[in-house]
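Here is how the chains run, residue by residue.
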Amino acid sequence: MSQSNDTMAVTVPRELAVALLRDMVRIRRFEERCADLYGKQKIRGFLHLYIGEEAVAVGTIHALRADDAIVATYREHGHALTRGISAGAVMAEMYGKREGCSRGRGGSMHIFDAATRFYGGNAIVGGGLPLAVGLALADKMQDRRRVTAVFFGEGAVAEGAFHESLNLAALWKLPVAFCCENNFYAMGTAVSRSESQTDLCAKAGAFKVPTLKVNGMDVVAVYEAARQVTESVRRGDGPVFVEFQTYRYRAHSMLDPDLYRDKAEVEEWKKRGPIHNLTNRLKASGALTEEDFLALDTEASNEVGAAIAFAEAGTWEPLEDLARDVYTESAR
Amino acid sequence: MKMTYREAMRQALHDALSADPRVFLMGEDVGKYGGSYAVSKGFLDEFGPERIRDTPLSELAFVGAGIGAALGGMRPIVEVMTVNFSLLALDQIVNTAALYRHMSGGQFSVPVVIRMATGAGRQLAAQHSHSFENWYASVPGIKVVAPATIDDARGMLRQALADPDPVIVFEHALLYNVEGELSDEWRHADIRSAKILRPGRDVTICAYGGTVGKALEAAGELAAEGIEAEVVDLRVLRPLDDATVIASVRKTRRAVLVDEGWRSGSLAAEICARIMEQAFYDLDAPVARVCSEEVPMPYAKHLEDAALPQAAKVVAAVRRITGSGEFPSPAQ
């Protein structure tokens with residue numbers, strides 16, 4: 001674990017730094033309410049919280065352009081919110097309402113949004129990687145300078161899909177940014193208990209894919225790395241693999257008793273929290289006051305409150321529409 | 001015009017590649033080798049390596065890449081060498097391609113065509129002789145076709161490519177060398193309906209893919225003894241064309257279902273159930289099935305022959321249920 005950098009200067013413009021902070025706070029407040037709503041059985045099924053890992057999605061997605069594509073995992077609320085999918089549509093999806101971004105068919109793990117090129121929300125570990133390779137292939141074959149950013153945990157690195165996809169993307173020099181969110185635990189299995197080679201960059205390097213290891217708790221570092229990566233990928237230099245080292249503060253899912261981690265380890269990582277890290281740094285440089293932070297925090301809480309109200313007021317899809325969209329023509 | 005099934009399929013692919021720049025062919029050995037069944041021989045020189053794309057032996061990744069490319073605006077034809085290897089790509093076909101539209105609330109269609117050879121009969125032993133058409137046909141969200149005739153080999157691909165949803169095309173490996181007359185009918189080939197290949201009044205024989213020829217052969221033999229069998233080529237395995245099958249059974253009042261898959265949970269079982277549901281009171285005899293024996297396909301010729309549906313077994317089944325043979329036995 002690297003040392004705390006609470007006093008390190010923030011190297012991006014103030015406006016951007018505040019935008020990064022704002023999105024991290026939005027995700028945090030959104031998910032805190034999700035946990036609460038899960039307890040109240042408003043949200044059902046599986047719910048995987050991103051709390052602690054916010055810097056990865058926020059820093060990366062701020063470096064993307066509007067026409068780039070995102071392929072995410074089942075722990076994707078943060079990515080969806082950062083991408084600009086409305087908190088109301090995401091919350092309504094978790095409520096299973098028709099106003100949800102996937103009409104209530106997907107729930108927490110299957111957030112989709114064609115308008116922002118958000119291709120899910122995939123609940124099969126590693127399942128998004130081949131899809132991302134294909135999206136990038138389509139861009140390359142149609143001479144479009146777009147990036148496909150695919151997020152996956154370090155658990156996915158054990159899947160065949162990871163190795164096949166990295167090889168294919170490297171072989172065909174496809175514009176994919178492979179964003180590995182290494183939170184060190186695949187559900188309850190520590191990376192050291194599942195990988196013979198725990199240096200994930202070494203695995204990607206074996207496919208001759210350039211690699212980068214980034215402190216995923218520092219949103220500015222994530223953003224700067226993502227800028228560098230997307231530039232190279234967009235230029236046509238082929239795929240890049242980035243390992244973001246991060247940590248989830250909550251259990252794997254709401255059903256996980258979290259018996260496999262040392263509590264001291266969790267507490268240690270919490271000291272490096274991405275939100276207070278950036279807040280402290282901005283305050284230290286005089287770029288942010290406590291009032292600024294409180295205003296931003298209140299704004300986030302209000303947004304989440306409105307999202308919940310929107311979801312509560314949502315409607316149930318009529319049963320006649322059960323089979324709608326199994327096939328394309330059935331929508332007509 | 002006389003041609004082989006291989007040539008008909010080759011012309012269909014050639015048409016598709018010529019007509020639409022978004023179409024490309026991707027799979028193992030489709031290019032330099034010329035296609036494992038020589039269907040795409042010469043295509044690499046004509047269309048180039050971008051559109052005749054040899055892949056590594058990574059079924060999961062290249063099938064997933066086909067799905068992604070379809071989402072990215074291309075019209076990929078993915079060739080999985082055989083159904084046996086498609087099991088390595090099952091996750092992408094079922095968990096991504098099939099579910100994508102419904103799970104995203106209708107936001108995305110996946111216009112990918114996945115071709116694969118299927119079936120036994122060439123002494124290739126257990127791992128190279130599967131017929132899993134029924135597995136794929138059980139999944140909502142994909143369409144499954146099994147061209148069995150020269151006309152359908154020539155005509156179905158165009159319809160499959162025009163379809164906005166994933167279509168799996170099963171090509172029985174024993175058909176490639178079969179020669180037949182190409183009629184003008186191929187231009188009207190659809191991917192919705194079953195087809196009566198031989199009209200008859202006494203019994204309906206339903207078959208698909210590699211067993212259609214055996215059904216026709218059986219019908220020929222039966223005609224010699226005065227039994228007029230109606231042969232229905234299912235052609236489309238999902239969605240099943242109940243109407244054609246049921247209308248035929250209502251007319252003949254007897255049915256024999258021929259299926260190269262294993263009997264348990266077979267497509268023949270599904271069709272049998274539909275006949276029970278829709279035409280039970282029209283039947284004069286129990287429905288009979290001629291399927292593969294429930295053993296891994298043996299290598300030795302005499303054992304393989306014994307394990308597969310054969311025309312003689314179809315003839316025997318017809319005799320049993322038409323009262324022209326031994327008394328019907330409920331076990332067979």
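On to the overall build of chain B. Along the backbone of chain B there are 13 helices and 14 strands. Relative to the 2.2 N^0.38 estimate, which gives 20 Å for 332 residues, the radius of gyration of chain B is 20 Å and therefore close to what a compact globule would have. Seen along its three principal axes, the alpha-carbon backbone of chain B occupies a region of about 60 × 45 × 40 Å. For chain B, the residues scored as buried account for 55% of the 332 residues in total. In chain B, once contacts between residues fewer than 6 apart in sequence are set aside, the share between residues at least 24 apart is 78%.

Judged by nonpolar contacts, the single largest core of 202 residues is most densely connected at Val133, Phe178 and Val242 of chain A together with Ile205, Val256, Val314 and Val318 of chain B. Shared between two domains, this core takes at least three residues from each, and those domains are domain 1 (2–188) and domain 2 (195–322) of chain B. Setting aside chain neighbours within four positions, we find isoleucine 205 of chain B in contact with Ala215, Ala218, Ala219, Ala229, Val231, Val256, Val258 and Val314 of chain B.

Residues and elements named next belong to chain A. For the bond from glycine 120 to glycine 121, the omega torsion is 25°, close enough to zero to count as cis. Phi at aspartate 258 is positive, roughly 60°, even though this residue is not glycine. Tracing the backbone through its elements, the reader meets aspartate 258 in the loop between β8 (240–245) and α10 (263–270). Classification of aspartate 258 by C-beta neighbours within 10 Å gives partly exposed; the count is 14.

Right, let's talk about the environment of proline 49 of chain B for a bit. Relative to the assigned elements, proline 49 of chain B resides in the loop between α2 (43–47) and β3 (52–54). In this structure proline 49 of chain B comes out as exposed when scored by C-beta crowding, with 11 C-beta atoms within 10 Å.

All right, on to the interface of chain A and chain B then. Facing 34 residues of chain A, the contacting portion of chain B comprises 33 residues. Contributions of two or more residues to the side of chain A that touches chain B are made by α5 (128–141) and α6 (160–171) of chain A. Per-element accounting of the side of chain A that touches chain B gives the leading share, 10 residues, to α5 of chain A. Class assignment of the residues belonging to the side of chain A that touches chain B gives a composition of 18 nonpolar, 10 polar and six charged.

Residues and elements named next belong to chain A. A rise of 1.5 Å per residue sets the reference length of helix α12 (residues 290–313), with its 24 residues, at 34 Å; its end C-alpha atoms lie 34 Å apart and thus fit the reference within 8%. Every buried residue of α12 is accounted for by Ala300, Val304, Ala307, Ile308 and Ala311. Looking at the buried residues of α12, the elements they touch are α1 (14–39) and α4 (87–95).

So, about helix α9 (residues 212–224) of chain B. All names here are of chain B. In a regular helix each residue adds 1.5 Å, so 13 residues correspond to 18 Å; α9 covers 19 Å between its end C-alpha atoms and thus fits that length. Here the buried face of α9 lies against β9 (195–198), β10 (203–207), β11 (229–233), β13 (255–262) and α13 (311–322). Positioned one or two residues after α9, glycine 226 has a phi angle of 90°, which is positive.

Residue and element names in this part refer to chain B. Pairing is mixed across the open sheet formed by five strands, whose spatial order is β9-β11-β10-β13-β14. The sheet terminates laterally at β9 and β14 (288–292), the two strands that pair on one side only. This sheet shows a mean twist of 25° between the axes of neighbouring strands, independent of strand direction. Sheet topology places β10 next to β13; three bridges connect them, and they run parallel. Note that in β13 the partner of cysteine 206 across the bridge is leucine 257. The strands touched by α9 are β9, β10, β11 and β13; relative to β11, the strand with the most contacts, the crossing angle is about 170°. Running over the sheet, α13 touches β10, β11, β13 and β14 and is turned about 160° from β14.

Residue and element names in this part refer to chain A. Across the sheet, which stays open at both edges, the six strands sit in the order β2-β1-β3-β4-β8-β7 with parallel pairing between neighbours. Each end of this open sheet is capped by a strand with a single partner; those strands are β2 (118–122) and β7 (211–215). Strand-to-strand twist of the sheet, defined as the mean angle between neighbouring strand axes without regard to direction, takes the value 15°. The pairing of β7 with β8 spans five bridges and is parallel. Within the sheet, the bridge partner assigned to threonine 211 lies in β8 and is phenylalanine 241.

So, about the pairing of β2 of chain A. Regular strands place side chains that alternate from one sheet face to the opposite one. Residues and elements named next belong to chain A. Within β2, five of the five residues are buried, which leaves it mostly tucked inside the rest of the structure. With three bridges joining them, strand β1 (residues 69–73) and β2 adopt parallel strand pairing. Across the sheet, isoleucine 70 pairs through a bridge with phenylalanine 118, a residue of β2.

One frequent convention defines the size of an interface as the accessible area lost when the parts assemble. Residue and element names in this part refer to chain B. Segmenting chain B into domains produces domain 1 (2–188) and domain 2 (195–322). Computed over C-alpha atoms only, the centres of domain 1 and domain 2 are separated by 26 Å. Taken together, the contacts link 23 residues of domain 1 with 21 residues of domain 2. Looking at the side of domain 1 that touches domain 2, its residues break down into 12 nonpolar, eight polar and three charged.

The rules behind these values
- Residues numbered from 1 in each chain as written.
- Chains lettered and ligands numbered in written order.
- Predicted model: local features only at pLDDT ≥ 70, side-chain atom pairs only at ≥ 80, totals over all residues.
- Helix = DSSP H or I, 4+ residues; strand = E, 2+ residues; numbered from the N terminus.
- Rg over C-alpha atoms; globule rule 2.2 N^0.38 Å.
- Buried ≥ 20, exposed ≤ 12 C-beta atoms within 10 Å, placed from the backbone.
- Contact = placed C-beta atoms within 7 Å.
- Core = buried A, V, L, I, M, F, W, Y, C linked by C-beta atoms within 7 Å.
- Domains from an automatic or database assignment.
- Nonpolar A, V, L, I, M, F, W, Y, C, P; charged D, E, K, R; others polar.
- Expected span 1.5 Å × (residues − 1).
- Pairing = 2+ DSSP bridges.
- Axes fitted to C-alpha atoms, helices over the stretch in contact; angles between N-to-C directions.

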